[in-house]
Amino acid sequence: MKKVFFLLTFLLSFATASFAILPCYEPFANSVGLFPTGTAYAPGSPGWHQTNAQGDFWYEINSTGGGPAIYLTNFSLSYPGLPASTGNAIVLTNASGSGMRMTTANPQIKETQSGAKVYYSMIVSLPNIASLSSSTGDYCWGFNNGSGDQTGQPSDFHARVYFKKNGAGYQLGIARTSSVAYDPTVHSTNETLFIVA
């Protein structure tokens, strides 16, 4: 099975003109006992229906698309200049199937005013890009305003991160709304990247 490995030591930050806070951190690690409904994040299980130590819950999307396309693993990554990674990671496979989306328990994000800036970051590695599109690219991450389990794909994604095959490597892209802008840099497989959107 071809796989694309992602470590989403996920940070979500909310910024206003005067200050910035980091209200969400997702290490994909066992949170049983750390939050009243925290889950084990057991390696090999689907990424969805997990609750982290902050009470953030991962919902299932595209539940009619087959088995899980995203599952948990004990693999992790590090990036120079960042604190050492703790916890686990998620693996995004090339199989069609269920994905996941987080609904944050943090009221600072839930009550974010229109016009406020929200950021996310992740450490990512792509050891196998055989299934990536070389024409349109494929997106894997972005902001969505929905919540709850969903049988289909979400229709509203912003700040989508794209990967497009280019020869033996790939390019990164970002889509604010519908058009994608690609960085001309061609990255190699197994290169570890730190992405902020």
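Residues numbered from 1 in each chain as written. Predicted model: local features only at pLDDT ≥ 70, side-chain atom pairs only at ≥ 80, totals over all residues. Heavy atoms only, no water.

(A) Focus on the overall build of the protein chain. Looking only at helices and strands, one finds one helix and 12 strands in the protein chain. Residues counted as buried form 41% of the 197 residues belonging to the protein chain. The contacts in the protein chain between residues at least 6 apart in sequence include a share of 60% that link residues at least 24 apart. (Helix = DSSP H or I, 4+ residues; strand = E, 2+ residues; numbered from the N terminus. Buried < 20%, exposed > 50% of the residue type's maximum accessible area, 1.4 Å probe, protein only. Contact = heavy atoms within 4.5 Å.)

(B) Geometry of the packing of aromatic side chains. All told, the structure shown has six aromatic pairs when counted by the stated rule. Relative to Tyr59, the ring of Phe57 lies with its centre 4.6 Å away and its plane at 70 degrees, an arrangement referred to as edge-to-face. Its relative accessible area of 24% is what places Phe57 among the partly exposed residues. A relative accessible area of 23% places Tyr59 in the partly exposed class. Ring pairs connect the aromatic residues Phe28, Tyr41 and Trp58, which therefore count as one cluster. A cation sits over an aromatic face here: Lys164 above Tyr182, 4.3 Å from the ring centre. (Phe/Tyr/Trp six-rings, centres within 6.5 Å; stacked < 30°, edge-to-face > 60°. Lys NZ or Arg CZ within 6 Å of the ring centre and 35° of its normal.)

(C) Structural detail: the environment of Asn30. If you trace the backbone, Asn30 turns up in the loop between β2 (20-26) and β3 (57-61). Using a relative accessible area of 47% as the deciding quantity, one classes Asn30 as partly exposed. Along the backbone, Asn30 and Asn88 are 58 residues apart, and their C-alpha atoms lie at a distance of 8.9 Å. The contact partners of Asn30, leaving out residues within four places of it in the chain, are Thr39, Ala40 and Tyr41.

(D) Expanded view of the nonpolar core. Grouped together as the largest cluster of nonpolar side chains are 24 residues, with contacts concentrated most on Phe163, Tyr170 and Ile195. Of all elements in the fold, only β4 (70-73), β6 (99-103), β7 (117-125), β9 (158-166), β10 (169-175) and β12 (192-196) reach the threshold of two or more residues within this core. (Core = buried A, V, L, I, M, F, W, Y, C linked by side-chain atoms within 4.5 Å.)

(E) View of the environment of Gly66. With respect to the element layout, Gly66 can be found in the loop between β3 and β4. For the pair Gly66 and Ser98, spaced 32 residues apart in sequence, the C-alpha separation works out to 6.3 Å. Residue contacts for Gly66: discarding those within four places in its chain leaves Gly97 and Ser98.

(F) Just the pairing of β4, in detail. Side chains Ile70 and Leu72 of β4 all project onto a buried face; the interleaved residues Tyr71 and Thr73 project onto the opposite face, where all are buried too. The pairing of β4 with strand β5 (residues 89-93) spans four bridges and is antiparallel. In the sheet register, Ile70 faces β5, and the bridge partner there is Leu92. (Pairing = 2+ DSSP bridges.)

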